[in-house]
Amino acid sequence: MKVDGQSLLSSVYYQNQAGAREDVTDSKLHNIKPLEEISQTQVAHDISNPNTSFRIKDYFEPSSMLKKAKELQEVATDAFGSQEHFDHLANTLHKASIINYNELSAMHYLRDNAQKLSFDEFEKIATNDTHSMQMKGLLNSVVHKLHYIDSINGGIM
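What you see is a predicted model; the values in this text were computed from it and never measured.

### Some points on the nonpolar core
Stage number 1. Of all hydrophobic cores here, the largest spans 30 residues; its most connected members are Phe80, Leu93, Met107, Phe122, Leu146 and Met157.
Stage number 2. At the level of secondary structure, the elements contributing two or more residues to this core comprise helix H5 (83-95), helix H6 (101-113), helix H7 (119-126) and helix H8 (133-152).
Stage number 3. The dominant element in this core, judged by the number of residues it contributes, is H8, at seven residues.
Stage number 4. Excluding anything up to four places from it in sequence, Phe122 contacts Phe80, Phe86, Leu110, Ala114, Leu117, Val143 and Leu146.

### Re the packing of aromatic side chains
Stage number 1. Under the criterion given, the structure shown has four aromatic pairs.
Stage number 2. Judged by centre distance (6.1 Å) and plane angle (45 degrees), the rings of Phe80 and Phe86 are tilted.
Stage number 3. Aromatic side chains Phe80 and Phe119 sit 5.0 Å apart centroid to centroid with 75 degrees between the ring planes, which places their arrangement in the edge-to-face category. Placement of the pair is Phe80 in the loop between helix H4 (73-76) and H5 and Phe119 in helix H7, with a sequence separation of 39 residues. Neither residue differs from the other here; Phe80 and Phe119 are each classed as buried.
Stage number 4. Of the aromatic side chains, those joined through ring pairs into one cluster are Phe80, Phe86, Phe119 and Phe122.

### Some words on the packing of H6 against H8
Stage number 1. Closest axis-to-axis distance for the H6/H8 pair is 9 Å, and the angle between their directions is 85 degrees. Regarding the angle of H6 to H8, the classification is roughly perpendicular. Residue-level inspection shows Asn102, Glu103, Ala106, Met107, Tyr109 and Leu110 of H6 in contact with H8, the latter providing Met135, Leu138, Leu139, Ser141, Val142, Val143, Lys145 and Leu146.
Stage number 2. Among the residues forming the contact of H6 with H8, the class breakdown is 10 nonpolar, two polar and two charged.

### So, the environment of Ala79
Stage number 1. With respect to the secondary-structure elements, Ala79 resides in the loop between H4 and H5.
Stage number 2. Taking the C-alpha atoms as reference points, Ala79 and Leu89, 10 residues apart in sequence, are found 6.5 Å from one another.
Stage number 3. Other than its neighbours up to four places away in sequence, Ala79 contacts His85, Phe86, Leu89, Leu117 and Met157.

Analysis parameters
Residues numbered from 1 in each chain as written. Predicted model: local features only at pLDDT ≥ 70, side-chain atom pairs only at ≥ 80, totals over all residues. Heavy atoms only, no water. Core = buried A, V, L, I, M, F, W, Y, C linked by side-chain atoms within 4.5 Å. Buried < 20%, exposed > 50% of the residue type's maximum accessible area, 1.4 Å probe, protein only. Helix = DSSP H or I, 4+ residues; strand = E, 2+ residues; numbered from the N terminus. Contact = heavy atoms within 4.5 Å. Phe/Tyr/Trp six-rings, centres within 6.5 Å; stacked < 30°, edge-to-face > 60°. Axes fitted to C-alpha atoms, helices over the stretch in contact; angles between N-to-C directions. Parallel < 35°, antiparallel > 145°, perpendicular 65-115°, else oblique. Nonpolar A, V, L, I, M, F, W, Y, C, P; charged D, E, K, R; others polar.

Dropping the structure here:
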């Protein structure tokens, strides 16, 4: 009788696998309770009596950006009414650290290049393809922040 190495290894492997399955089946599965043995009253008790010592407290805490945006309501009111109001808003945003110096320069660029102070004009300027990627990013950031302040305060610009 001729036995090749491959079939010998295969038969040893399958014998080891069968033995391992029997070990798991015999030792581990006998400790698991069937679902029928779980008490329905225990389940109902666990669900109906939550741990009362721990209560979830849900509350709203506004972010610092939201607080700053609400504080700017007076300054932002009619900010598109004149260049002086717009400059005052830009300087106030910079002092409040809502915009950085580069974004302040972008606001001045918007003021100087817009036919009128409005979101439509600002968005046209921001989407102009002649600007560098950095300038587009600054302009989009400023327009986004102005929209945010305007919407938080009920469309006052």
